[in-house]
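These are the residues of each chain, in order.
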Amino acid sequence: RKRQLKKMIKDETSNFDKPKLQERHAKRAGAIAVIYVGGATDAEMKERRERVIDAVAAAQAALKDGIVPGGETIYLKARESLDGYTVGQKIWKAALEQPFLKLMSNANIHAEQYLEKLHASKLSYAGVDVTDGQVKDMMKAKIIDPTKVSLEAITNACSVAVQIMTTGTVITPRIEEKK
């Protein structure tokens, strides 16, 4: 039946019928899933839909390029490869620590004590599980990120840094300190 549907798709000229045949072929090939998303309000439904779309995209990226330990620990691992003697390496070391610090801050966890624990840990992929505050092997705890996401984050950060260096200026909103 799949071969028959493939031939029908190839021969089909109608823009209406072709997608229907492709959908039927995908169902037969086992390459389709239906995810129903609902909510009490339109805003809630849209927010949930966006979360599902993000989750599907992350799963597809992980299938394509693989996974790395989550919890922003991959950036801490990358820091270890820098010896920190040059100004550029010192800047990179500080920058690569920021995603972990922000994650800990968002979870209301003091990151400084955990940085020392992670550095001293003998676990291969040591990280902090923010749900319980425990240091765990992120891969064994199934706390993972798609490799593509981590690489894109570093690529985008480099792009922004180059733009700042080449233009020689940055415009940011003024942040007023609370007294």
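Coordinates for the structure precede this section.
It should be emphasised that the depicted structure is a prediction, and the values quoted were computed from it without experimental measurement. (Residues numbered from 1 in each chain as written. Predicted model: local features only at pLDDT ≥ 70, side-chain atom pairs only at ≥ 80, totals over all residues. Heavy atoms only, no water.)

Digging into the overall build of the protein chain
Moving on, step 1. Scanning the protein chain from terminus to terminus reveals seven helices and four strands.
Moving on, step 2. For 179 residues, the compact-globule estimate of 2.2 N^0.38 gives 16 Å, and the C-alpha radius of gyration of the protein chain, at 23 Å, exceeds that figure by more than 25%.
Moving on, step 3. With the principal axes as the frame, the protein chain shows a C-alpha extent of 65 × 45 × 40 Å.
Moving on, step 4. Across the 179 residues that make up the protein chain, the buried fraction comes to 18%.
Moving on, step 5. Split by element, the accessible area of the protein chain, about 14000 Å² in all, is 55% carbon and sulfur. (Helix = DSSP H or I, 4+ residues; strand = E, 2+ residues; numbered from the N terminus. Rg over C-alpha atoms; globule rule 2.2 N^0.38 Å. Buried < 20%, exposed > 50% of the residue type's maximum accessible area, 1.4 Å probe, protein only. Areas by Shrake-Rupley, 256 points an atom, 1.4 Å probe, with all protein chains shown as cover.)

Focus: the pattern of salt bridges
Pairing of side chains with opposite charge becomes possible as their charged atoms draw close.
Moving on, step 1. Taken as a whole, this structure holds six salt bridges when the rule is applied.
Moving on, step 2. Put simply, R79 and E97 hold a salt bridge, and the shortest N to O gap is 3.1 Å. Pair noted here: R79 is in helix 4 (residues 73–80) and E97 is in helix 5 (residues 87–106), with a separation of 18 residues, a long-range link.
Moving on, step 3. Residue E97 is classed as buried on the basis of its relative accessible area of 19%.
Moving on, step 4. In this structure, K136 engages D132 in a salt bridge whose closest nitrogen and oxygen atoms are separated by 3.0 Å.
Moving on, step 5. Overlapping salt bridges, with partners in common, bring together D129, D132 and K136 in one network. (Salt bridge = Lys/Arg side-chain N within 4 Å of Asp/Glu carboxyl O.)

Some points on helix 5
Moving on, step 1. With 20 residues, helix 5 should reach 28 Å at 1.5 Å per residue; the first-to-last C-alpha distance of 29 Å fits that figure.
Moving on, step 2. The largest bend in helix 5 comes to about 30°, at Q98, with the proline P99 one to four residues further on.
Moving on, step 3. The inward-facing, buried residues of helix 5 contact helix 4, helix 6 (111–120), strand 2 (126–129) and helix 7 (147–167).
Moving on, step 4. Downstream of helix 5 by one or two residues, N108 has phi in the positive range, about 60°. (Expected span 1.5 Å × (residues − 1). Bend = angle between axes of the 7 residues up to and from the residue. Contact = heavy atoms within 4.5 Å.)

Focus: the side chain of T147
Moving on, step 1. Looking at where T147 falls in the secondary structure, it is placed in helix 7.
Moving on, step 2. Once residues lying within four places of it in the same chain are set aside, the contact partners of T147 are D65, G66, I67 and V68.

Some remarks on a nonpolar patch on the surface
Moving on, step 1. On the surface, V160, I164 and V170 cluster together into a nonpolar patch covering about 240 Å² of accessible area.
Moving on, step 2. Look at V170 and you get partly exposed, because its relative accessible area is 48%. (Patch = residues over 30% accessible without salt bridge, like charges linked within 9 Å, V, L, I, M, F, W, Y side chains within 5 Å.)

Regarding the environment of K117
Moving on, step 1. With respect to the helices and strands, the residue K117 is situated in helix 6.
Moving on, step 2. Look at K117 and you get partly exposed, because its relative accessible area is 45%.
Moving on, step 3. It is 25 Å that separates the C-alpha atoms of K117 and A153, two residues lying 36 residues apart in sequence.

Structural notes on the nonpolar core
Moving on, step 1. Counting 10 residues, the largest nonpolar core is built from L76, F100, M104, I109, A111, Y114, L115, L118, A126 and V128.
Moving on, step 2. At four residues, the largest contribution of residues to this core is made by helix 6.
Moving on, step 3. Residues contacting L115, with those up to four places away along its chain left out, are L76, E97, F100 and L101. (Core = buried A, V, L, I, M, F, W, Y, C linked by side-chain atoms within 4.5 Å.)

The values reported here are purely geometric and, on their own, carry no functional implication.
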